[in-house]
Amino acid sequence: MTELVHFELDADGVATLTLDDPATRNALTGSDIVDQMLAIFARIEHDPDVRVLILTATGKVFSSGGNIHEMQRQIGPDVSPAALRQEYRHGIQRLPLALHALEVPTIAAVNGPAIGAGCDLACMCDVRIAAESATFAESFVKLGIIPGDGGAWFLPRLIGMARAAEMSFTGDAIGAGTALEWGLVSRVVPGQELLPAARALAGRMAANSPQAVRLTKRLLRESQHARLDALLELSAAYQALAHKTDAHADAVAQFLAARRR
């Protein structure tokens, strides 16, 4: 199996997943790339040493989205609509479910164009940092298809329904500056500074209690659909767990010691 995804973990608990399929410009269909990403996500879920995940890509393109040759196959008479539905359900749709469910914070370091499913992949992460050369396009309609990987769920939650509709109905790309203005990314940096900026941000996250960070991420996820009273109940339960961690005890002790000086 060709290695289309690289994984690194540094001593501070910051993991980096790098897409590396230059022949397809890091397309997410028509290869084993999704399976390889899912295997890494499963590894992260079972590794307490991983505190933050950075997702990026080699080359000048973050991800070209769907593989056009795979689309040619799907058009053919040998593939029925029922079979296509199952291909999506058991193929690329596993990616948003797995990435969204990761307990550790995720940062997309978008090094270049993020097109179609590539744009949605960035949206699946908690935070997005873009190089100046990055562009974002929810471009499915330009090929006569729809966002079949969850983009219609992620994008409006990040930039609002009107702007998500504009991107989705036109398929037009927006530049990094517009993405920053619209809240799709949290910062834009020169290309050579992208990974250092992502690693610096990941390091600030990794320096905090891993239990508290994971529980906070779960609360943020639940807040997207829970009632206030339900979220408060969950917050009380999570807070009870957090109060009993060594990280909390150490932080309180250090704070009190500093006040006594």
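Quick notes on the rules
Position numbers for residues count from 1 along each chain, tracking the sequence in the order it is written. Per-residue local features of the predicted model are confined to residues with pLDDT of at least 70, and side-chain atom pairs are confined, for both listing and counting, to 80 or more; whole-chain, interface and lining totals are unaffected and use all residues. The side-chain values count all of the structure's non-hydrogen atoms but skip hydrogen atoms and water molecules. Only protein atoms enter the calculation, which uses a 1 Å grid: trapped sets of points that fit a 1.4 Å probe without letting it out are cavities, open sets showing protein on both sides within 12 Å along at least five of seven lines are pockets, and any residue with an atom within 4 Å of a point is a lining residue. Grid points are joined across faces, edges and corners, and a volume is the space filled by probe spheres set on the points. Put simply, DSSP marks the helices as runs of H or I at least four residues long and the strands as runs of E at least two long, and each gets a number from the N terminus on. Note that Gly is not counted as nonpolar here; it falls among the polar residues with everything else outside the nonpolar set of Ala, Val, Leu, Ile, Met, Phe, Trp, Tyr, Cys and Pro and the charged set of Asp, Glu, Lys and Arg. Pairing of aromatic side chains requires ring centres within 6.5 Å, counting the rings of Phe and Tyr and the six-membered ring of Trp. Pairs whose planes differ by under 30 degrees are stacked, by over 60 edge-to-face, and all others tilted. Partly exposed describes any residue whose relative accessible area lies between the buried limit of under 20% and the exposed limit of over 50%, with all areas from a 1.4 Å probe on protein chains only and scaled to the type maximum. Note on criteria: charge over ring means Lys NZ or Arg CZ within 6 Å of the ring centre, with the direction from the centre no more than 35 degrees off the ring normal.

Colleague: Residue-level account of the layout of surface pockets, with values.
Modeller: The volume enclosed by the largest pocket comes to roughly 840 Å³. In this structure, the largest pocket is lined by 35 residues; those nearest its centre are T29, G66, N67, Q74 and Y88. Listed by contribution, the elements that provide at least two residues to the lining of the largest pocket are α1 (33-45), α2 (68-75) and α3 (81-90). If you tally residues by element for the lining of the largest pocket, the top one is α2, at six residues. Partitioning the lining of the largest pocket into residue classes produces 16 nonpolar, 13 polar and six charged. For the second largest pocket, the calculated volume is near 220 Å³. At six residues, the largest contribution of residues to the lining of the second largest pocket is made by helix α10 (residues 210-223).

Colleague: Please set out empty space enclosed by the protein residue by residue, giving values where relevant.
Modeller: Tallying each qualifying case throughout the model produces one cavity of 30 Å³ or more. There is about 40 Å³ of room inside the largest cavity. Lining the largest cavity, in full, are V50, R51, V104, M205, A206, N208, S209, P210, V213 and R214. Of all the secondary structure elements, the ones that give two or more residues to the lining of the largest cavity are α9 (194-206) and α10. With three residues, the top contributor of residues to the lining of the largest cavity is α10. Along the lines of polarity and charge, the residues of the lining of the largest cavity split into six nonpolar, two polar and two charged.

Colleague: Please give an account of the packing of aromatic side chains that cites residues and values.
Modeller: The geometry of an aromatic ring pair is captured by the separation of the ring centres together with the interplanar angle, meaning the angle of the planes. All chains considered together, the criterion is met by one aromatic pair. On the basis of an interplanar angle of 80° and a centroid distance of 5.1 Å, the ring pair of W153 and F154 is categorised as edge-to-face. Classification of W153 by relative accessible area gives partly exposed; the value is 34%. Exposure remark for F154: the relative accessible area of 8% places this residue in the buried category. Looking at R157, its charged tip hangs above the ring of W153, at a distance of 3.8 Å from the centre.

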